[in-house]
Amino acid sequence: MTGQPLLTAESVTKFYGSRLGCRDIGFELYAGEVLAVVGESGSGKSTLLKLLSGQLEPSGGRVLYRMRDDVTRDILTLTEAERRFLFRTDWGFVHQHAELGLRMGVSAGANVGERLMAVGWRHYGRIRDEAETWLERVEIDATRIDDRPTAYSGGMRQRLQIARNLVTSPRLVFMDEPTGGLDVSVQARLLDLMRGLVADLGLAAIVVTHDLAVARLLSHRILVMKDGRAIETGLTDQVLDDPREPYTQLLVSSILQP
Amino acid sequence: MNAMISTATPSTAYNFAYLDEQTKRMIRRAILKAIAIPGYQVPFASREMPMPYGWGTGGVQVTAAILGANDRLKVIDQGADDTTNAVSIRKFFEKTSGVATTTLTADATIIQTRHRIPEKELTETQVLVYQVPIPEPLRFLEPRETETRVMHALEDYGLMHVKLYEDIATHGHIATTYAYPVKVEGRYVMDPSPTPKFDNPKMDDCAALQLFGAGREKRIYAVPPHTSVVSLDFEDHPFEATKFDHACALCAATHTYLDEVITDDAGGRMFVCSDTDHCEERRAEGHRGDLLGEAPAAIAGSAA
């Protein structure tokens, strides 16, 4: 973790009319670091993720991102073209519902290859080879490359979505409840896979989740949100083992122990 | 059918070429903008025409807007001068404008076409008007109009190759044979209307002005003379125009786009030029196909 942070949030605030989305969130994220944002439903997690990824305009504060050329820019001042370029090269976004992040009408290979074609790849054989490599990396049988995602199970769709996002070697991936809606054994496998990929590729990631187990497994640092505010931040193990805030204590103690 | 040049008396009940002058001015402005930005789809206030959508209402409005009293109009439908769509649109303009009409490609100043480009090379004194059903090449990949417009604006065309990728993955080759996407002057990706991809190379550096009218979708776009039109492809799967294993059964041409015609209910078939005028001209020059003289008059026409 060298030099400048990759992403900096400075007192990011969002109001929906008079209702609070989130308020005064600030943190720095360095390359290769995974930050988990936890909190109950309605605590402003998803709002924060949209603000950080430039999909929503904050009411106050700003979000800075260090581009590949090492210039730090305010993501709000990016043009639409630059923002889109960022989204298909340097960033990834993994949705909770894979259908939102995938093109359900085209094959898995085309889904993975889309970003490559968008950045100018024009050699079918190479695009397909790359897609095959990535399917294998996310443990999808390469013989299913021509199947549409509609023929995939929920877990496979989620893995396909991850492959589609990682194919251009992004430096930062936003994940919104990546394991939501999957059964426990599939979740475990997906988490294992994601942990491996994040470590191998040196990815930075911001993972929004309500599942503390996901945070524990994937993240280095954690940010606990309640009612739109960050009430506690720190190293994941530290926060989960020794929560300071009463709300965090409640969260930790409400994990079911089988 | 005999090649003919005819002049009809216009009906005085209509303004010249049916549309009122204000509407024509509006369409001409759209056309000028389209010519200024090759391949860009210009929205225009498409009018109700006395024919259903899908019958060429866009092409008819463009033709009406550029038609002058001294023009000679040719109308083709899938290359033929004598099919329903061509005949009715030609009659429409004979009745409402009284301009001369012709079936000879070389004689025409304006050629309105449904889905073909004439075989004979066009000249700078001619205008080719296409009837377009769906002008947006990205439509079947991205249903949102707001999104496709942004994609055009930002030259965000990766998605177009996703379609071609999908073709190769499914069929082993690019199986799109009509409405094959092209890039105009290195900038806008354009749907060349459902012309067969056989015709795509003719659009490149064409001497004639090419205008595209989509009535239902309310869009006009254009390819000015001598503009580059490149068919999209992959490096390892380059664009290939359709090739035929047959020669035309009537005029023996091997370089033209052929229609397959079923001749009986026992598997009989023949391949003939889709461009009827070109075929007749070749027969008049003495070219003789295998079935010339045997083919039914309905297919061969009176020139057989």
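Use the structure listed above.
Scope of this entry: the structure provided in the associated data block.

Thresholds applied
- Residues numbered from 1 in each chain as written.
- Chains lettered and ligands numbered in written order.
- Predicted model: local features only at pLDDT ≥ 70, side-chain atom pairs only at ≥ 80, totals over all residues.
- Heavy atoms only, no water.
- 1 Å grid on protein atoms, 1.4 Å probe; cavity = no way out; pocket = protein on both sides within 12 Å on 5 of 7 lines; lining within 4 Å.
- Points joined across faces, edges and corners; volume = space filled by probe spheres on them.
- Helix = DSSP H or I, 4+ residues; strand = E, 2+ residues; numbered from the N terminus.
- Nonpolar A, V, L, I, M, F, W, Y, C, P; charged D, E, K, R; others polar.
- Pairing = 2+ DSSP bridges.
- Axes fitted to C-alpha atoms, helices over the stretch in contact; angles between N-to-C directions.
- Core = buried A, V, L, I, M, F, W, Y, C linked by side-chain atoms within 4.5 Å.
- Buried < 20%, exposed > 50% of the residue type's maximum accessible area, 1.4 Å probe, protein only.
- Contact = heavy atoms within 4.5 Å.
- Expected span 1.5 Å × (residues − 1).
- Salt bridge = Lys/Arg side-chain N within 4 Å of Asp/Glu carboxyl O.
- Buried area = accessible area lost by both parts, 1.4 Å probe.
- Polar contact = N/O pair within 3.5 Å; in protein donor to acceptor, adjacent residues only side chain to side chain.

1. Side note on empty space enclosed by the protein
All names here are of chain A. Overall, the coordinates contain 1 cavity of 30 Å³ or more when judged by the stated rule. For the largest cavity, the full set of lining residues is V94, I162, L166, V173, M175, M194, L197, V198 and L203. Of all elements in the fold, only α6 (154-166), β7 (172-176) and α7 (184-201) reach the threshold of two or more residues within the lining of the largest cavity. In terms of residue count, the dominant contributor to the lining of the largest cavity is α7 (3 residues). Its residues assigned to classes, the lining of the largest cavity comprises 9 nonpolar, no polar and no charged.

2. Topic: the sheet that holds strand β8 (residues 188-190) of chain B
Within a sheet, each strand pairs with its neighbour through backbone hydrogen bonds, oriented either parallel or antiparallel. Residues and elements named next belong to chain B. Sheet architecture is open: 3 strands sit in the order β8-β7-β11, paired in antiparallel fashion. At either end of the open sheet lies a strand with only one pairing partner, and these are β8 and β11 (229-231). Averaged over all pairs of adjacent strands, the angle between their axes in this sheet comes to 35°, without regard to strand direction. Taken together, the 3 bridges between strand β7 (residues 182-184) and β8 define a ladder with antiparallel strand orientation. Paired with V184 across the two strands is Y188, which belongs to β8.

3. Some points on the nonpolar core
By size, the foremost hydrophobic cluster in this structure holds 56 residues, and its most contacted members are V112, L160 and I162 of chain A together with Y165 and F234 of chain B. Broken down by element, this core gets its largest block of residues, 7 residues, from helix α5 (residues 158-171) of chain B. Not counting chain neighbours up to four residues away, the residues in contact with I162 of chain A comprise V94, V138, L190, M194 and L197 of chain A.

4. Some remarks on the sheet that holds strand β4 (residues 60-66) of chain A
Residue and element names in this part refer to chain A. Reading across from one edge, β2-β1-β4-β5 is the order of the 4 strands in this open sheet, with antiparallel pairing throughout. Two strands close off the open sheet at either side, each with one partner strand: β2 (19-29) and β5 (72-74). For this sheet the average axis-to-axis angle between neighbouring strands, irrespective of direction, equals 20°. Alignment of strand β1 (residues 7-16) against β4, held across 5 bridges, turns out to be antiparallel. Counted as the bridge partner of L7 is Y65 from β4.

5. Overview of helix α3 (residues 84-97) of chain B
All names here are of chain B. Taking 1.5 Å of rise per residue, the 14 residues of α3 would be expected to cover 20 Å, and the 20 Å separating its terminal C-alpha atoms lies within 8% of that figure. Residues N85, A86, I89, R90, F92, F93, E94, T96 and S97 constitute the buried set of α3. Residue G98 follows α3 closely and has a positive phi angle near 70°.

6. Section: the pattern of salt bridges
Applying the stated rule across the entire model yields 37 salt bridges over all chains. The salt bridge partner of K226 of chain A is D227 of chain A, with a shortest N-O separation of 3.2 Å. For K202 of chain B, the salt bridge identified is with E119 of chain B, shortest N-O distance 3.3 Å. Placement of K202 of chain B in helix α6 (residues 200-203) and of E119 of chain B in the loop between β5 (110-114) and β6 (127-131) is noted, with a sequence separation of 83 residues between them. A residue is classified by how much of its surface remains accessible, and K202 of chain B, at 23% relative accessible area, is partly exposed.

7. Observations regarding the layout of surface pockets
In this approach the atoms are scanned with a rolling probe the size of a water molecule, which exposes any empty space left behind. For the largest pocket, the calculated volume is near 880 Å³. Along the walls of the largest pocket sit 26 residues, with F87, R103, E114 and R164 of chain A together with E147 of chain B positioned nearest its centre. Counting only elements with at least two residues in the lining of the largest pocket, the list comes to α2 (80-89), β6 (91-94), α3 (98-101), α4 (108-118) and α6 of chain A together with α4 (145-153) and α5 of chain B. A per-element tally of the lining of the largest pocket places α2 of chain A first, with 5 residues. Taken together, the residues of the lining of the largest pocket sort by class into 7 nonpolar, 7 polar and 12 charged.

8. What to know about the interface of chain A and chain B
Contact with chain A, which involves 21 residues of that partner, is made by 20 residues of chain B. Between chain A and chain B, roughly 1800 Å² of surface is buried when both sides are summed, and carbon and sulfur atoms account for 59% of that area. Of all residues in chain A, the largest losses of buried area upon contact with chain B belong to R84, R122 and Y124 of chain A, amounting jointly to 40% of the total for that side. Viewed at the interface, chain B and chain A are joined by 4 salt bridges. Residues R126 of chain A and E235 of chain B are paired through a salt bridge, measuring 3.5 Å at the closest nitrogen-oxygen approach. At the boundary of chain A and chain B, one finds 12 residue pairs in polar contact (both at pLDDT 80 or more). Of all the elements in the fold, those that place two or more residues in the side of chain A that touches chain B are α2, α4 and α5 (124-137) of chain A. Residues belonging to the side of chain A that touches chain B are distributed by class as follows: 8 nonpolar, 4 polar and 9 charged.

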